[in-house]
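Spelled out from the first residue to the last, the chains are:
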Amino acid sequence: MYKSFFQNIATEQGGTFLYQDQDTSIDGGIRLPKVQYLLKIPVGDTEINIINITGKEFSGHISMKLPKQPESHTFELTTNSHIKSLFIGKSKRFNINSDSSKMTEFLRNNNHIAILKEIAQEDSFQPIIKGTNEDDHYILIAKYHLEFDNWNSPVLPLIDLFKELHTRFVVNNERFSNDVTISMGS
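Residues numbered from 1 in each chain as written. Predicted model: local features only at pLDDT ≥ 70, side-chain atom pairs only at ≥ 80, totals over all residues. Heavy atoms only, no water.

## A look at the packing of helix H1 (residues 2-13) against helix H5 (residues 155-171)
Item 1. For the pair H1 and H5, interaxial distance at closest approach is 12 Å and the crossing angle is 30°. With respect to H5, the element H1 is oriented roughly parallel. Our pair here, H1 against H5, has a crossing hand that is right-handed. Mapping the contact onto sequence places Phe5, Phe6, Ile9 and Gln13 in H1 and Val155, Leu156, Ile159 and Lys163 in H5.
Item 2. In terms of residue class, the contact of H1 with H5 is built from six nonpolar, one polar and one charged. (Axes fitted to C-alpha atoms, helices over the stretch in contact; angles between N-to-C directions. Helix = DSSP H or I, 4+ residues; strand = E, 2+ residues; numbered from the N terminus. Parallel < 35°, antiparallel > 145°, perpendicular 65-115°, else oblique. Left-handed = near helix turned anticlockwise from the far one by under 90°. Contact = heavy atoms within 4.5 Å. Nonpolar A, V, L, I, M, F, W, Y, C, P; charged D, E, K, R; others polar.)

## Thoughts on the pattern of salt bridges
Item 1. Counted according to the given criterion, the structure contains four salt bridges.
Item 2. For the salt bridge of glutamate 47 with lysine 40, the shortest nitrogen-to-oxygen distance reads 3.5 Å.
Item 3. Relative accessible area serves as the criterion here: at 37%, lysine 40 is assigned to the partly exposed category.
Item 4. Its salt-bridge partner being arginine 168, residue glutamate 174 comes within 2.7 Å of it at the nearest N-O pair.
Item 5. One connected set of salt bridges, linked through shared partners, spans Glu164, Arg168 and Glu174. (Salt bridge = Lys/Arg side-chain N within 4 Å of Asp/Glu carboxyl O. Buried < 20%, exposed > 50% of the residue type's maximum accessible area, 1.4 Å probe, protein only.)

Structure follows, in structure tokens:
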């Protein structure tokens, strides 16, 4: 089921899908399964890399490398746990941290983030999504555990989010400005 899901995405998006199923020895004759779903989706001059691993670990990792961006494009989106959401309310499920109010507003009103928020409210999906400048590149990364029922559900919204950021920042050369406070001397 999951294998065909990733194969279909690769076909639809013109990407490449690799599948590995191997056991890992942990001594004493005990072996743990390790299944990797690797997907590469071309986007302009770059690609989105998706790695989902089940068995020994249950982790999802999606990344994309873009040209270096202004600091106003850096952000981090984290997720409150279901327990914390009981106290602060489900509407505050995602926390967005950015120095730019325009970037924060963009992420807060983004359709793909809204889909991810719905997934998080229905299940224990708790992503960390970042956009940062590292080593002369702007790196988009989404990390999350796969220990929830429909762990393939965030893949397409994350691909669409990364594609939208690529279009805005690279194709359209859109810039979010840092918030500037101007003070007048006396």
